[in-house]
Amino acid sequence: MATSSITKNFVISGKEQVELFVNALEESARNRPVHIPVDAREITDEAELVEFMRMRKKANGRKEQI
């Protein structure tokens, strides 16, 4: 969750509430989503884009329109 989405003030008082809050923060830090690397390349010119779109249409079972 982005910190900018936290817009409410809240008060934590008492040792038990503080410990529960800190434990919740630590648990959320441990349970972060796994980073999955993605194989990607940058399309740098129009010819590459046209070829990519042709392959995409073919893979999706569409007729070629070029």
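These remarks concern the structure in this document.

The rules we used
- Residues numbered from 1 in each chain as written.
- Predicted model: local features only at pLDDT ≥ 70, side-chain atom pairs only at ≥ 80, totals over all residues.
- Heavy atoms only, no water.
- Salt bridge = Lys/Arg side-chain N within 4 Å of Asp/Glu carboxyl O.
- Buried < 20%, exposed > 50% of the residue type's maximum accessible area, 1.4 Å probe, protein only.
- Helix = DSSP H or I, 4+ residues; strand = E, 2+ residues; numbered from the N terminus.

Some words on the pattern of salt bridges
Line of reasoning, step 1. Per the counting criterion, the structure on display carries three salt bridges.
Line of reasoning, step 2. Salt-bridge contacts for Glu48 lead to Arg41; the nearest nitrogen and oxygen are separated by 3.0 Å.
Line of reasoning, step 3. For Glu48, a relative accessible area of 25% gives the class partly exposed.
Line of reasoning, step 4. Two residues, Glu51 and Arg54, come together in a salt bridge whose shortest N-O distance is 2.5 Å. Residue Glu51 and its partner Arg54 are located together in helix H2 (residues 46-59), separated by three residues, close to a single helical turn.

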